[in-house]
Amino acid sequence: MKLQRKTRRALALGALAVSGALAITACGSDNNSGKDSNGGSSSAAAAPGAAKCDSAKGQLQASGSSAQKNAIDAWVKQYSQDCKDVQINYNPTGSGAGITAFLQGQTAFAGSDSPLKPEEVAQSKKVCSGGQAIDLPMVGGPIAIGFNVPGVDSLTLDPATLAKIFNGKITNWNDAAIKKLNPSAKLPDLKIQAFHRSDESGTTDNFTKYLIATAKSDWPYSGGKAWQAKGGQSAQGSSGLAQQVKQTAGAISYFELSYAADGIKTVDLKTGAATPAKATVENATKAIASAQVVGTGQDMALKLNYEPKEDGAYPLTLVTYEIACDKGNKADTLPAVKSFLSYIASEDGQKQLTGASYAPIPDAIITKVRSTISGLS
Amino acid sequence: MDTSTQQSDAAPPHTAQGPAAHKRAVRGAGRPGDRIFLGLSRGSGILLLVIMAAIAVFLTYRAALAISKDDGNFLTTFEWNTSLLPPQFGIAVLAFGTVVSSIVAMALAVPVAVGIALFLTHYAPRKLSGPIAYVIDLLAAVPSIVYGLWGALVLVPHLNGLYGWLDEYFGWTGILSWQGGAPRSLLTVGILLAIMILPIITNVSREVFRQVPRMHEEAALALGATRWEVIRMSVLPFGRSGVISASMLGLGRALGETMAVATVLSPTFDIKASLLDPGGGTFAQNIASKFNEATEFGQDALIASGLVLFVITLLVNGAARMIINRRKEYSGANA
């Protein structure tokens, strides 16, 4: 009897906890839907019927780069309004895992922060019967350098100083090298806390590629997805870095521009041009415009120009690719892949990007991408 | 504990019939139901061993592949870069960070947990001990990523004061000096892990203290002992091995904790002299951080590091078992 009463009380408590949790999640989903409708309003300009569905049908599995996750989400939302028969599941597992899944034939296309390596192209001939995997640049994005220095609202840095900060050679915000670049700023006597990614990441790869290209003598590392410099602080994921910059005085870090929302200040980069470039979507597109296509055949891999002379071009960018077969895509998913990829490369698709803090691919390159997609088989 | 006493109660009549009867009972006396059940249970026992062996062989094979290509020394290299040509990786930093953060966690959690358990069993009024035990159970149900987020967003920004204080008064020791970086260090990880392993140590210790024979306590009271002396003379010696096993359960969780550590620590591949300086890393955290973008070879290397964690856990558990066995005369098993 006593035991029964006890269990009943426990049940009541449990029920209370569950209903409490429900109330919390209910609030959570409210917020989410609010956000979505906000995000939607910026993209509501796109007319329905922008995507051509043709005979596309079924489920499309894709995975890869988390850097383009928000862009894909925005696209899928628009696309699935027009093509209700196609379901697209994009799993942001990271570029490496995405490419692996694609090469094993688990997914219809992959998203990646960096173009395929030659050995990966060779492997792809197994899944692409009669063809090979190709890189299609779809999303550009500025990598912002966020900083948190009390009393400083704008900060200009050149590549050499940036490299020295992240390499632990410059350790205080009132260092002469920073002062020289920012004569008017009131730089405090504060320890610099440079944060890098603790996980392997395409953002790290692109950031260090930039330092290698522009400040070789101050950045003596070979680059790659894993951070190589010693010392400094680290955190997991771009959101982790942004959080640390927000809450740590003296912090500086790098992440995609979309994470620099809500009040994180970003560094202006000194380039070859007369005035320093701000980290904005437009400035990133300007810099990507001077990129060269280095892929051969159908492959559209880009080589970024890290030292643009053009005024306002922000050179610290990353371009993410969609990876699919040029020939020999699976017959059951081919119509859907073609239809979705041509939608995201279309004018409407690329227009969606600016709303999500991504940079559209410049016209000259995206037109080539469109013609490549129409030739997929 | 209950079941063991029940078994020993039931044992005498069984043995009285002699070993032959016992043997027949095990063989199942030829009845089909018994034979089927015997086959099923034996089969599942064998299956478990086969699965374990298969996992072990697979992991060892892939680990061996990775280690054979390691350009550095797998045990001493301060670096984890599997995409270099040739690759360089070593577990020194990870082993150090795993052991140190777990030691910090145990040092903080065990005294508090034992205190809570004693309070609940010997001091708290019944009305209070129920709800407190319930809240502690709830702590155990919180997913580790939530602890990690709480640690990164709330705990870390609020530790500056403690770190400054430690540096001022204990900075001279070297292991508690602070350079003023954001407190994402092994000490913070230890504090967070201590909170995470508190419930399991508390719960098991509480159960053990409840088993203390009433006679022991009353005997101590009859000798004129105060309540503290009762606890010191009868409860703690009786519960010692139970507390050790409880701590080992907690230690197991601390050694293998992944997401909470990955969110709170600033992992780097060097060993800092001070616990307060950001840096270091643990096995599980390193695997979680690197696995997503790892190539197949990188995954092999991570598997190799996981095997080392496995070995460390085995050693720790073995040591704990030895301690418990040596103190068997105090334990509840033969009381």
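No experiment lies behind these values; they were computed from the predicted model shown.

Procedures and definitions
- Residues numbered from 1 in each chain as written.
- Chains lettered and ligands numbered in written order.
- Predicted model: local features only at pLDDT ≥ 70, side-chain atom pairs only at ≥ 80, totals over all residues.
- Helix = DSSP H or I, 4+ residues; strand = E, 2+ residues; numbered from the N terminus.
- Buried ≥ 20, exposed ≤ 12 C-beta atoms within 10 Å, placed from the backbone.
- Contact = placed C-beta atoms within 7 Å.
- Pairing = 2+ DSSP bridges.
- Expected span 1.5 Å × (residues − 1).
- Nonpolar A, V, L, I, M, F, W, Y, C, P; charged D, E, K, R; others polar.
- UniProt positions renumbered as here; feature names shortened; annotations may be inferred.
- pLDDT = per-residue confidence, 0-100.
- Core = buried A, V, L, I, M, F, W, Y, C linked by C-beta atoms within 7 Å.
- Axes fitted to C-alpha atoms, helices over the stretch in contact; angles between N-to-C directions.
- Parallel < 35°, antiparallel > 145°, perpendicular 65-115°, else oblique.
- Left-handed = near helix turned anticlockwise from the far one by under 90°.

### Thoughts on the overall build of chain B
Helix and strand content of chain B: 13 helices and two strands. Taken over 335 residues, chain B has a buried fraction of 36%. Considering only intrachain contacts with a sequence separation of at least 6, the fraction spanning at least 24 residues in chain B is 72%.

### Here we look at the pairing of strand 8 (residues 251–256) of chain A
Residue and element names in this part refer to chain A. Counting buried positions along strand 8 yields six of six residues, so the element is predominantly enclosed. By the bridge criterion, six bridges tie strand 4 (residues 133–148) to strand 8 in an arrangement that is antiparallel. Among the inter-strand pairings, Asn 148 is bridged to a residue of strand 8, identified as Ala 251. With three bridges joining them, strand 6 (residues 193–197) and strand 8 adopt parallel strand pairing. Paired with Ala 194 across the two strands is Ile 252, which belongs to strand 8.

### Here we look at helix 10 (residues 334–345) of chain A
Look at helix 10 of chain A: 16 Å from first C-alpha to last across twelve residues, which is about the 16 Å you get at 1.5 Å a residue. Burial of helix 10 of chain A is extensive: nine of the twelve residues sit out of reach of the surface.

### Considering the interface of chain A and chain B
Counting residues at the interface gives 26 residues for chain A and 22 residues for chain B. The dominant element in the side of chain A that touches chain B, judged by the number of residues it contributes, is helix 8 (residues 237–247) of chain A, at four residues. Partitioning the side of chain A that touches chain B into residue classes produces three nonpolar, 18 polar and five charged.

### Some details on the UniProt feature "transmembrane region" (unreviewed entry) in chain B
Residue and element names in this part refer to chain B. UniProt annotation of "transmembrane region" (unreviewed entry) refers to residues 45–67, 87–120, 132–156, 186–205 and 301–320 when read in the numbering used here. In residues 87–120, the share of helix is 85% and the share of strand is 6%. The end C-alpha atoms are 54 Å apart. Span residues 132–156 is 88% helix and 0% strand, its end C-alpha atoms 27 Å apart.

### Overview of the UniProt feature "domain: PBP" (unreviewed entry) in chain A
Here the UniProt-annotated "domain: PBP" (unreviewed entry) positions come out as residues 55–347 of chain A. In residues 55–347 of chain A, the share of helix is 30% and the share of strand is 23%. The end C-alpha atoms are 21 Å apart.

### Digging into the environment of Gly 240 of chain A
Note on placement: Gly 240 of chain A falls in helix 8. Classification of Gly 240 of chain A as buried rests on a count of 21 C-beta atoms within 10 Å. Distance from Gly 240 of chain A to Phe 255 of chain A, taken between C-alpha atoms, is 9.7 Å for residues 15 residues apart in sequence. Beyond its immediate stretch of four places on either side in the chain, Gly 240 of chain A contacts Ala 235 of chain A together with Thr 263 of chain B.

### Points about the pairing of strand 4 of chain A
Residues and elements named next belong to chain A. Burial analysis of strand 4 places 16 of its 16 residues in the buried class, the great majority of the element. As paired elements, strand 4 and strand 9 (residues 265–266) share two bridges and run antiparallel to each other. Across the sheet, the residue bridging to Phe 147 is Lys 265, located in strand 9.

### Some thoughts on the confidence of the model for chain A
The predicted coordinates of low-pLDDT regions are not to be read in fine detail. Looking at chain A, the pLDDT average stands at 83 and 87% of residues meet or exceed 70. Across residues 13–46 of chain A, confidence stays below pLDDT 50; counting only partners more than four residues off in sequence or on other chains, it has eleven contacts.

### Describing the nonpolar core
Counting 98 residues, the largest nonpolar core has Leu 136, Ile 323, Ala 324 and Phe 340 of chain A as the members making the most contacts within it. Considering every element that reaches this core, the biggest residue donor is strand 4 of chain A, with nine residues. In contact with Ala 324 of chain A, other than residues within four places in its own chain, are Phe 109, Ala 133, Ile 134, Leu 136, Asn 329, Val 337, Leu 341 and Leu 376 of chain A. Counting residues in each nonpolar core, the second largest holds 68 residues, with Trp 80, Val 156, Leu 276 and Ala 304 of chain B among its members.

### Quick notes on the confidence of the model for chain B
All names here are of chain B. When the pLDDT values of chain B are averaged, the result is 85; 89% of them are 70 or greater. Predicted confidence in chain B is weakest over helix 1 (residues 2–16), with a mean pLDDT of 44, and strongest over helix 4 (residues 92–123), with 94. pLDDT under 50 marks residues 1–16. Its contacts with residues more than four places away, or in other chains, come to four contacts. In this model, residues 331–335 is a region of pLDDT below 50 whose contacts with residues beyond four sequence positions or in other chains number eleven contacts. Here the predicted complex scores 0.77 on pTM and 0.72 on ipTM.

### Topic: the packing of helix 4 of chain B against helix 10 (residues 227–256) of chain B
Residues and elements named next belong to chain B. Their axes nearest at 9 Å, the elements helix 4 and helix 10 cross at an angle of 140°. Classified by the angle between their axes, helix 4 and helix 10 sit oblique to one another. Once helix 4 is placed against helix 10, the crossing between them reads as right-handed. Seen from helix 4, the contacting residues are Thr 98, Ser 102, Ala 105, Met 106, Ala 109, Val 110, Val 114, Leu 118 and His 122; seen from helix 10, they are Ile 231, Val 235, Val 243, Ser 247, Gly 250, Leu 251, Ala 254 and Leu 255.

### Considering the packing of helix 5 (residues 126–141) of chain B against helix 8 (residues 186–210) of chain B
All names here are of chain B. One way to put it is that helix 5 packs onto helix 8 with a least axis distance of 8 Å and a crossing angle of 135°. When the axis of helix 5 is compared with that of helix 8, the two are oblique. Crossing of helix 5 over helix 8 shows left-handed handedness. Of the residues in helix 8, those in contact with Ala 133, Ile 136, Asp 137, Leu 139 and Ala 140 of helix 5 are Leu 198, Pro 199, Ile 200, Thr 202, Asn 203 and Arg 206. A breakdown of the residues in the contact of helix 5 with helix 8 according to their chemical character gives seven nonpolar, two polar and two charged.

### Considerations on the environment of Ile 264 of chain A
All names here are of chain A. In this fold, Ile 264 is placed in the loop between strand 8 and strand 9. By the C-beta count within 10 Å, which is 21 here, Ile 264 ends up buried. C-alpha separation for the pair Ile 264 and Ala 144, spaced 120 residues apart in sequence, amounts to 9.9 Å. In this view, Ile 264 contacts Gly 146, Ala 242, Val 245 and Lys 246; residues no more than four positions away in its chain are not counted.

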